[in-house]
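# Results of the structural survey
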Amino acid sequence: WYQRRVREAVVSTQSTGGLRPDARETYDYRNIQIEFGSRWGHAEVVLGNTRVMARVSAQIEKPPVTRPMEGSLLFFVYFSPMSSAKFSGNRTDFSTVVTRLLERTIKETRVIDTESLCIVSGEKVINLRVDLNLLDFAGNVIDACCIAAMSALSHFRRPDFVVNGEEVTVFTEKERDPIPLSVLHIPITCTIGFAGEKILVDPSDDEESVMDGFVSIATNTHHEICYIYMGGGVTLTPALVSKCCEISSLKTQEISAQITSCLEADAATRKVSPENASKPSAISSISLQEKMDKLLVEDLTSIREKMETDDQVESAQYGSITIRYIDETDTVDTVTGVGTVKEKKDQTPTKLAAIQKTPEKESFPGF
């Protein structure tokens, strides 16, 4: 009964040119939110109420004999039973379909330059693994997983390494900045459902329950078709397929621009000032100098109070510093590195001077 009412609402509203049941136009996507974690390669995508979390990890392993100079890229999709009652376990038939679709869309279209992952030919390569977990299900899992996978791969950084003969040195993130992957293009899938003669772009879970079939078209920013997957028993005419390809190309441009803007925003939050990054000791030196100046002022104040109580004392020694009473007409000669003061005993001292006797350099370990 519920599905029949939903189907009647979908067909009737679109036949009269109205909005879809969730107040969207025919070709509108639901709201897309992309967030990145604190670790490289962690991304979370929310498409409407569908939530997918992606995580990219790297492992150094020995390559197969057939491809000794290339790394690998593997996808693992898990549908949690908590996301929907439709999924009884992590591995379902539909998760296998989504995994295969991602492999054909991203891996087989050479999105990642796998040759750049080679460390030593035939000995060591970097293998990438992409884990996608469905947290909340509200329709159109294919597009949500594809957006999450591309966002995580674009955000991931691999460790830097140096090969010296047979010795391979892999640097940690603290030793050297990690290097981003070589992403050649960004394909995005666009799923379009069909209910009778009506088109449903980005179908929700209610619309998926009543649609006759769907088509997922993967295109990149260069307007190239990467992959087409059809599900259900719907028959498509060449004109309808061409129209769906045009819709997919337009949506790919919009989603790719959003991914790029989110990556730039994340990079801005992680960015460190070049001056502070190149001179980390400058900050510590300045703070140390400020603390030393503050202590020196306090010590000079105490010496001045002592000198004021004794009229016979006109100077005092403080380490390598000589403290004297001088007035505005007195001069200080520091050319030779020795401070001298022309004293005038008949005048009242008006100023306290600290004169460096010898320009000694002190070293502070760690700065």
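In this text the structure is predicted, and so the values were computed from the model without any measurement.

## Digging into the overall build of the chain
The helix and strand tally for the chain stands at seven helices and 19 strands. Expressed as a percentage of the 367 residues in the chain, the buried residues total 38%. Put simply, of all contacts in the chain between residues at least 6 apart along the chain, 65% involve residues at least 24 apart. Per element, the accessible surface of the chain, about 21100 Å² overall, is 52% carbon and sulfur.

## Some details on the pattern of salt bridges
For side chains bearing opposite charge, pairing can occur when the charged atoms are close. Per the counting criterion, the structure on display carries 15 salt bridges. Residues Glu103 and Arg100 are paired through a salt bridge, measuring 3.3 Å at the closest nitrogen-oxygen approach. Here Arg100 and Glu103 lie together in helix α2 (residues 93-107), a separation of three residues that amounts to about one turn. In this structure Glu103 comes out as buried when scored by relative accessible area, which is 19%. Relative accessible area serves as the criterion here: at 35%, Arg100 is assigned to the partly exposed category. In this structure, a network of salt bridges that share partners links the residues Asp22, Arg24, Arg30, Asp202 and Glu207.

## What about the pairing of strand β2 (residues 42-47)?
Across five bridges, the pairing between strand β1 (residues 32-36) and β2 is antiparallel. By the bridge assignment for β2, Ile34 is matched with Val45. Between the end of β1 and the start of β2, which pair antiparallel, lie five residues, with Gly41 showing a positive phi angle near 90 degrees. The turn linking β2 back onto strand β3 (residues 50-61) is made up of two residues, and Gly48 within it adopts a positive phi angle of 65 degrees.

## Remarks on the side chain of Ser248
Structurally, Ser248 can be placed in helix α5 (residues 238-270). Of the residues examined, Ser248 reaches a relative accessible area of 0% and is grouped as buried. Among the polar contacts listed, one links the side chain of Ser248 to the backbone oxygen of Ile217, at a separation of 3.0 Å.

## Observations regarding the packing of α2 against helix α3 (residues 141-155)
Axis angle and axis distance: for two packed helices, these are the angle between their axes and the distance between the axes, and together they describe the pair. At their nearest, the axes of α2 and α3 sit 10 Å apart, and the two run at 45 degrees to each other. With respect to α3, the axis of α2 lies oblique. Crossing of α2 over α3 shows right-handed handedness. For the pair α2 and α3, contact is made by Phe94, Val98, Leu101, Leu102, Thr105 and Ile106 and by Val141, Ile142, Cys145, Cys146, Ala149, Met150 and Leu153, respectively.

## Overview of the packing of aromatic side chains
On inspection of all chains with the given rule, the structure shows four aromatic pairs. Taking 5.9 Å as the distance between ring centres and 45 degrees as the angle between the ring planes, the aromatic pair formed by Phe79 and Phe94 counts as tilted. Placement of the pair is Phe79 in strand β4 (residues 73-79) and Phe94 in helix α2, with a sequence separation of 15 residues. Phe79 sits in the buried class, given a relative accessible area of 0%.

## Brief notes about the nonpolar core
With 68 residues, the main nonpolar core has Leu102, Ile106, Leu132 and Ile192 as its most contacted residues. Sorting elements by how many residues they give to this core places α3 first, with eleven residues. Setting aside residues no more than four positions away along its own chain, Ile106 makes contact with Leu73, Phe75, Val111, Ala149, Met150 and Leu153.

## Here's the deal with the sheet that holds strand β11 (residues 188-195)
Read across the open sheet, the four strands follow the order β12-β11-β13-β14; overall the sheet is antiparallel. Each end of this open sheet is capped by a strand with a single partner; those strands are β12 (198-201) and β14 (225-232). Adjacent strand axes in the sheet meet at a mean angle of 20 degrees, parallel and antiparallel pairs treated alike. When strand β13 (residues 213-219) meets β14, the two strands line up antiparallel, connected through seven bridges. Bridge pairing in β14 places Phe214 opposite Gly231. Packing of α3 onto the sheet brings it into contact with β11 and β13, and relative to β11 it is tilted by some 175 degrees. Set on the sheet, α5 makes contact with β11, β12, β13 and β14; between it and β11 the angle comes to about 135 degrees.

Conventions and cut-offs
- Residues numbered from 1 in each chain as written.
- Predicted model: local features only at pLDDT ≥ 70, side-chain atom pairs only at ≥ 80, totals over all residues.
- Heavy atoms only, no water.
- Helix = DSSP H or I, 4+ residues; strand = E, 2+ residues; numbered from the N terminus.
- Buried < 20%, exposed > 50% of the residue type's maximum accessible area, 1.4 Å probe, protein only.
- Contact = heavy atoms within 4.5 Å.
- Areas by Shrake-Rupley, 256 points an atom, 1.4 Å probe, with all protein chains shown as cover.
- Salt bridge = Lys/Arg side-chain N within 4 Å of Asp/Glu carboxyl O.
- Pairing = 2+ DSSP bridges.
- Polar contact = N/O pair within 3.5 Å; in protein donor to acceptor, adjacent residues only side chain to side chain.
- Axes fitted to C-alpha atoms, helices over the stretch in contact; angles between N-to-C directions.
- Parallel < 35°, antiparallel > 145°, perpendicular 65-115°, else oblique.
- Left-handed = near helix turned anticlockwise from the far one by under 90°.
- Phe/Tyr/Trp six-rings, centres within 6.5 Å; stacked < 30°, edge-to-face > 60°.
- Core = buried A, V, L, I, M, F, W, Y, C linked by side-chain atoms within 4.5 Å.

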